[in-house]
Each structure stands twice: as C-alpha cells, then as structure tokens.
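As a plain string of letters, each chain reads:
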Amino acid sequence: MTRMLRSLLVANRGEIAIRVMRTAKRMGLRTIAVYSDADAHAAHVAAADEAYRIGPAAPRESYLNADAILAAANDSGAEAIHPGYGFLSENAAFAEACAAAKVVFVGPPPEAIRAMGLKDRAKALMTKAGVPVVPGYLGEDQSPSLLAAEALKIGYPVLIKAVAGGGGKGMRKVDAAGEFDAALDGAKREAKSAFGDDRVLIEKYVSRPRHIEMQVFGDTQGNAVHLFERDCSLQRRHQKVIEEAPAPGMTTAMRAKMGEAAVKAAKAVRYVGAGTVEFIVDASEGLRDDRFWFMEMNTRLQVEHPVTEAITGLDLVEWQLRVAAGEALPKRQDDIRAHGHAIEARLYAEDPDKGFLPAVGKLEILRMPEAHDGIRVDAGVREGDEVTIYYDPMIAKVIAWDETREGAAAMLANALAHTEVAGVRTNAGFLVRALRQPDFVAGEIDTGFIERHRMELMPVRTGLPPEIPARAALFIVDERRSLHRGGDPWDAQDGFRLAGDSSETIEFAIGDKRVGVRIVHRRGGDMCLIVEGRNFAMHPHAASAARLSSGAIAVMEAGETWMLSLYDPFAAADAAGAATDRVTTPMPGKIVQVLVKTGDAVTRGQPLAVLEAMKMEHTLSAPADAKVASVDVAPGDQVTDGATVVRFETKKAARLS
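Residues numbered from 1 in each chain as written. Predicted model: local features only at pLDDT ≥ 70, side-chain atom pairs only at ≥ 80, totals over all residues. Heavy atoms only, no water.

**Q** Would you mind showing me how to read the packing of aromatic side chains here?
**A** The way to describe two aromatic rings as a pair is by their centre distance and the angle between their planes. Under the definition given, this model contains 8 aromatic pairs. Geometrically, the ring pair formed by F279 and F292 is edge-to-face, given 5.2 Å between the ring centres and 90 degrees between the ring planes. With a gap of 13 residues between them, F279 in strand β13 (residues 273-282) and F292 in strand β14 (residues 292-298) connect regions that are remote in the sequence. Judged by relative accessible area, which is 4%, F292 ranks as buried. Centroid distance F356 to F430: 5.1 Å. Interplanar angle 75 degrees. Geometry classified as edge-to-face. A residue pair is termed long-range when its members are at least 10 positions apart, and F356 in the loop between β16 (350-351) and β17 (357-358) and F430 in helix α13 (residues 428-436) qualify at 74 residues. A single burial state applies to F356 and to F430, both of which are buried. (Phe/Tyr/Trp six-rings, centres within 6.5 Å; stacked < 30°, edge-to-face > 60°. Helix = DSSP H or I, 4+ residues; strand = E, 2+ residues; numbered from the N terminus. Buried < 20%, exposed > 50% of the residue type's maximum accessible area, 1.4 Å probe, protein only.)

**Q** Please clarify how the side chain of D231 should be interpreted in this entry.
**A** Along the chain, the position of D231 falls in strand β11 (residues 224-236). Engagement of the side chain of D231 in a polar contact is seen with the side chain of S233, the distance being 2.6 Å. The residues contacting D231, other than those within four sequence positions of it, are R210, H211, I212, I242, E243, E244, A247, P248 and I445. (Polar contact = N/O pair within 3.5 Å; in protein donor to acceptor, adjacent residues only side chain to side chain. Contact = heavy atoms within 4.5 Å.)

**Q** Explanation requested: helix α4 (residues 92-100) in the structure shown.
**A** For an α-helix the count is 3.6 residues per turn, leaving residues at separations of three or four pointing the same way. When α4 is considered as a whole, its buried residues turn out to be A92, F94, A95 and C98. All buried residues of α4 fall inside an arc of 165 degrees around its axis, so they share one side. Against the buried residues of α4 lie α3 (66-76), β4 (80-82), β5 (104-105) and α5 (110-117). Two residues or fewer past α4, K102 is found with a positive phi of approximately 60 degrees. (Arc of directions from axis to C-beta.)

**Q** Sorry, what's going on with empty space enclosed by the protein here?
**A** By rolling a water-sized probe across the atoms, one finds the places where empty space is left. Within this structure, the stated rule accounts for 1 cavity of 30 Å³ or more. By volume, the largest cavity is sized at about 40 Å³. Here the lining of the largest cavity is built from residues that sort into 5 nonpolar, 6 polar and 1 charged. (1 Å grid on protein atoms, 1.4 Å probe; cavity = no way out; pocket = protein on both sides within 12 Å on 5 of 7 lines; lining within 4 Å. Points joined across faces, edges and corners; volume = space filled by probe spheres on them. Nonpolar A, V, L, I, M, F, W, Y, C, P; charged D, E, K, R; others polar.)

**Q** Whenever I open this one, the nonpolar core confuses me. Can you help?
**A** As a rule of thumb, soluble globular proteins bury nonpolar side chains together. Counting 34 residues, the largest nonpolar core has L8, F217, V225, L227, W319 and I336 as the members making the most contacts within it. If you list the elements that add at least two residues to this core, you get β1 (7-10), α1 (14-26), β11 and α11 (316-324). When sequence neighbours within four positions are dropped, the list of residues in contact with L227 reads Q215, F217, T308, T312, L314, L316, W319 and I336. (Core = buried A, V, L, I, M, F, W, Y, C linked by side-chain atoms within 4.5 Å.)

**Q** Please explain the pattern of salt bridges as it appears in this structure.
**A** Opposite charge on two side chains lets them pair, provided their charged atoms get close. Summed over the entire model, instances satisfying the criterion amount to 58 salt bridges. Its salt-bridge partner being E203, residue K161 comes within 3.4 Å of it at the nearest N-O pair. Placement of K161 in strand β7 (residues 158-162) and of E203 in strand β9 (residues 200-204) is noted, with a sequence separation of 42 residues between them. A single burial state applies to K161 and to E203, both of which are buried. Between R425 and D351 there is a salt bridge whose closest N-O contact spans 2.7 Å. Here the residue R425 occupies a position in the loop between β23 (420-422) and α13, and D351 occupies one in strand β16, the gap between them amounting to 74 residues. Among the ionic contacts, a cluster of salt bridges with common partners joins R19, R22, R26, E309, D315, E318, R322, E327, R376 and D378. (Salt bridge = Lys/Arg side-chain N within 4 Å of Asp/Glu carboxyl O.)

**Q** What should I look at first to understand the pairing of β1 in this one?
**A** Within a regular beta strand, the side chains point alternately toward one face of the sheet and then the other, so they alternate between its two faces. Burial of β1 is two-sided: the residues S7 and L9 facing one way and the residues L8 and V10 facing the other way are all buried. Examined bridge by bridge, β1 and strand β2 (residues 30-36) share 4 bridges and lie parallel to one another. Each bridged residue has a counterpart across the sheet, and for S7 the counterpart in β2 is R30. Once the chain exits β1 it traverses α1 before rejoining the sheet at β2, and the crossover so formed is right-handed. The pairing of β1 with β4 spans 3 bridges and is classified as parallel. Its bridge partner being in β4, L9 is matched across the sheet by I81. (Pairing = 2+ DSSP bridges. Right-handed = clockwise from strand over helix to strand, strands pointing away.)

**Q** Got a minute to help me understand the environment of S550 in this structure?
**A** Looking at where S550 falls in the secondary structure, it is placed in the loop between β28 (545-547) and β29 (553-557). For the pair S550 and A101, spaced 449 residues apart in sequence, the C-alpha to C-alpha distance is 50 Å. Within the structure, the side chain of S550 is placed 3.3 Å from the backbone nitrogen of A552, a separation counted as a polar contact.

**Q** When you look at the sheet that holds strand β36 (residues 626-631) in this model, what are you seeing that I'm missing?
**A** Within a sheet, adjacent strands bond to each other through the backbone by hydrogen bonds, running parallel or antiparallel. Read across the open sheet, the 4 strands follow the order β31-β38-β36-β33; overall the sheet is antiparallel. Edge positions in the open sheet fall to β31 (582-584) and β33 (601-602), since each of these has one partner strand only. Relative to strand β38 (residues 644-648), β31 is paired through 3 bridges, and the arrangement is antiparallel. Residue pairing across strands places R582 opposite R647, the latter belonging to β38.

**Q** Sorry, what's going on with the sheet that holds β7 here?
**A** With respect to topology, 4 strands assemble into an open sheet ordered β6-β9-β7-β8, the strand pairing being antiparallel. The open sheet has two edge strands, β6 (136-137) and β8 (172-174), and neither has a second partner. Pairing analysis gives 2 bridges linking β6 to β9, with the strands arranged antiparallel. Bridge pairing in β9 places G136 opposite E203. The sheet contacts of helix α6 (residues 119-129) involve β7 and β9, and relative to β9 the element is tilted by about 50 degrees. (Axes fitted to C-alpha atoms, helices over the stretch in contact; angles between N-to-C directions.)

**Q** In this structure, what is going on with helix α8 (residues 180-195)? I would like to understand it.
**A** Along its 16 residues, α8 runs 22 Å from first to last C-alpha, staying within 8% of the 22 Å computed at 1.5 Å per residue. Every buried residue of α8 is accounted for by F180, A183, L184, G186, A187, K188, E190 and A191. Structurally, α8 contributes buried residues whose contacts are with α7 (144-154), β7, β8, β9 and β35 (616-621). Note on α8: the residue one or two positions beyond its end, G196, has a positive phi of about 70 degrees. (Expected span 1.5 Å × (residues − 1).)

Following this line, the structure appears as structure tokens:
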C-alpha cells in the first residue's frame, strides 16, 4: 500500500540533514529540522522550511532524545522521519515509537534493525543464510578469562569488537596474549560509553584486510537488489576516511558472488530501505571470490553513499523516500548499471600529527571547491560556524567522478588542495598526499595503508617552508595598501620611495624562533622578498592568506594551513618561561582513567591517563622519562582544553628537596 508523503522531519544534523532535505525539497516535501542549543544557528536549520528545538547540546539530551524528536514531529505535523546516519538511525525502539505515533520511519523494520544490530547474532543469522563469516567467538559468556582463552584458541592477532558497535568504537587489535587484558578493558569501557552495552566478540584478524561493502535496497513487496560495491579500506582509528566505487581490482565474478551474498543477507531479515552489507576481504593474494567474509550490516544510509550515486546516476535518498511510502523498488537488478569511478574524501577538523585527534574551534575561513562536473561537495557547516566537542568533527565530504580511477583521484586531490580552512586544524593536506601516493594511485590499498605510509602521509614538520612567511609578509603589505586611503601604492607608508629602491623587515614568531622577511620595494611596484637567504619574487595577490580574529595570519596552500604571528618580544619572553613540566589535555573532554600516582617513575611513552572526547578514548602519555610530582585530575572530571593532567618533578625542584 502506497501513500503520498508531503512532509519530512530529519532527525539529524550537519551534512546528512542538508543532503536529505535537498532531495526532499526536489520531491516537493515540506522539510523540518530539529536542533540542539549548540545548533540553533546551524546550516541544517537554515536549510529547512521549519525547525524545532529538541534540547541541550549533549546528544543524549537532544539528537538521541526520541521523545523530544517525536514531539517535534507531532508539533510540526511531519508525516515521516528520516534518521540520517548515527544517532537514532539504527535504534529499533525509535522505529517502533515512530510506528506507534503513526509517523513513517524512513528505514528498515525494527525486526531487521534488531537482527543486524548485535554483531554476534547477525553473524549467527548469516551463517544460517549461507553467507560466509569470519572465524571468531560470538558467545554470551563475557568473562575475561573465557574471552582470553577464546582469543588464544582463534590465534593472534585478534580483533576485540563491541557487539553493539560501529565506527571503530569499542574496537581493539591485539597482537599478543600479554596485551589482551588491557585491550579488553579499553574496548568494553569505550563500548559502554558509546552504546550503553559493553559486550564484545572476538574475531580472527585478517593480515592484509580490505573493507569492501555492498549497497543493498529492499522494498515492502519482498524485492531486494544491490547497487554494487564500495571500497572503504583507507581508515584511521578504524574509521573510514576515503571511499570509492567500484573497488580497485574487483572482478566480475567476485562482484556477482559478493552481490549475491549481500542480497541473501538482506532477504534473510526481510530488509526494507537502504542498507549496507560490509565484508572483510583477505587481499594478501589479490581479490579472490573465496576470501571475503560478512562483517556486519549497517541498517541505514551510509556516509559514503554519494560514490554509489555517482557511478549509478541514482538518488538513494529518493529511493528511500519512495520505498518508505510503500512503492516498489524503482529498478530491477538487471536495470542497474554502473559507469566510471567515484572517490569520496571526508574533510575533518582533526590533527593528523596528533594521531588524528579531533579539533574544535571557529571556522574563521572555509573556502570549499566549487561544485562542477565531476566534483560534488556535501558540507554541513559554513564559514563562521563552530566545531564543538559535542558532535562528529566532519566539515564536509568532497566527491569526485571521472571515467577512470586515476582521473577521479587526481580531480579530488586538486579540489582538496584548493580547499582553505583556518581556525581549526584539518586533514585536507593529509588527504591530498594520500590521493597522490603512488601505491594508492595504483590501487594497492588495504586497511593498513595509512600506517604503512605514515612517514610519507604525515611528514614530521622540521621547520616552516620559507615561502610561507614570505607569503604572510606579502599579505601584510597588501593589507596595508588596501587599507590606505585612495589605495595608491605610491602613497602607502610601506617603505616606497619615488627615487630608487627601499626595504623593510617583517618578523614573525615561529614557535620559539624568529623568522625575518626582508622586503625590497622596487620603483616599478615589484617586490623582492628574502627569507633565510632565499629570494622570492612575488606579486602581493599571489598569497592565499587571511587575517584571523586573533590577529594571526593564516597562510593556506595544498590543503595545509600555517598560522603566523608578528614577533612580539614580550610574548616571546613569556613563551620561553612557559611550563614544560606537565602533560595537558589536547581538547575538552572527560577523564575516564588515571594510570599513575604521585611519586611514580614513568618512562617515555608510558600511558598516564585516558581522556574521552567526541565518543572516542585518547591515551595521554609521558613525553619523557620523569617522576610524577602530582596528579591534578581524577576519573570522571570534565576538563577543558589545555588542563593540566600530570606534573613532573623538575631538576630545580629535585635539588631543593
């Protein structure tokens, strides 16, 4: 039975809320947003026809608050709710509550969500359906001793995975028996925090794994199809960062076999709507059709769905809305075709140099590539918006399509190289290097790619390239000229003389060093810049730079952003005397574990405490061998960015004692 949907509430935020609304508006639906206090002025609120507040910033009080979302649906007269991804998208109780409220849930039936929601039960169900699964322990007994024994029986290395997990949360790779207990504690603690369920399963770790998934769709008439595969092997912290379709090296025979297994999985749970069946593939001998195993099924639309849309020309959100309205699938399996190659990169506010720790702050500069033939940008924020501690730090997804994989990779790398962000650190430069890395271009990828090429993808910054302060100096000169009344450079007070050349020096503070840029102004209006003995001849407008609210100059190039401040001798003196005898928090969050006490002798790299931020745990380690003078936090403490966690004894203190 079909029904005409006229209004849609999107129970999500950011780029996915905006993306869903875009299709809904095209189909003539009235769009309704919900927002937390932190998102009152967010981009997705501005994109909707109407918006309703659902609670404070914390997700549990807003985007995970089913009652508040259903109240908004009732107040707005929404006929359907699209959950997006994350939050309540895979919550069977929420799907049931929607049905009880006579609101269409744009997603699978609650029974299918439950069947696939717990990894152990899902794998048992898949085995029964004839879908290959990874060897491992899926039992109910969760005693640490039994889990350790099962890990030994499976054979190291193994993976500990949260039963209710996803997105890398509650997951630990364990290489040896001596590491198992600590890894189990961390996985269970993280799983409890993220999902409210600390149960885990143990799997054999595949030595050269690739993560290949199949997009599936089902309808209420019992039909199910697949829309080909996506390769999501490039991951950091067990979370996807670059995805593509089709999978490099995929054969027609393997695609057919994997597609058949994915459709079997969907039919086994009477699946309706968009879903993704994820497989782990052993790529140690290339792609073989007897070396893939079911990993899990995500019962929702995936973050990476745009690459499937790019190669098929289909709108997956439109398919979701039509199926939710009771319509049959728009196409049969034989009618679905793929063409070309698409690659998606996730642009995050995070610091690759610090283990991809999330970054927070104001997006003072946000210049994304223009959408055009072959390039698509799904952004969830605008220039001036804040990246907060409360939600996933994704800024945007950038997608490139071309006839060939090489063309798509080059196009995407170029788009990201021209992306400019200041105010928070991003992974744009890292993405550019990954997309241009020769092994990636050749399709030689697996989940260990980033770690294997770490030095190349995340080179240690040994100093500032001299062209960066040169560009910052050019920006300052250009800024002075533009601010000068009349705008005539020959009238500006920047060292010009009507007869002959003149020069000036601008000094920047780079860490604990001073870098001077000597600017030679020539009568014809040209400039010559000298940095550390190198000569740069540049026009002022060549600099891609901007001044931030702090007064610092942001120089942006090839996806990287450098922050430079004018040298201030008083600030430099303060910095020289700054404390170097402590470990501080890299971001706001909650202390979940303290691993040392006053008086302990610690070694370089030894874990000191565990910080939970943005739903992930981050271990704070000792920077050098030292003795603990004091511990300034306790488990459960909410801490700000830069809060002192542990202080060490200094040589001066030791002498006094």
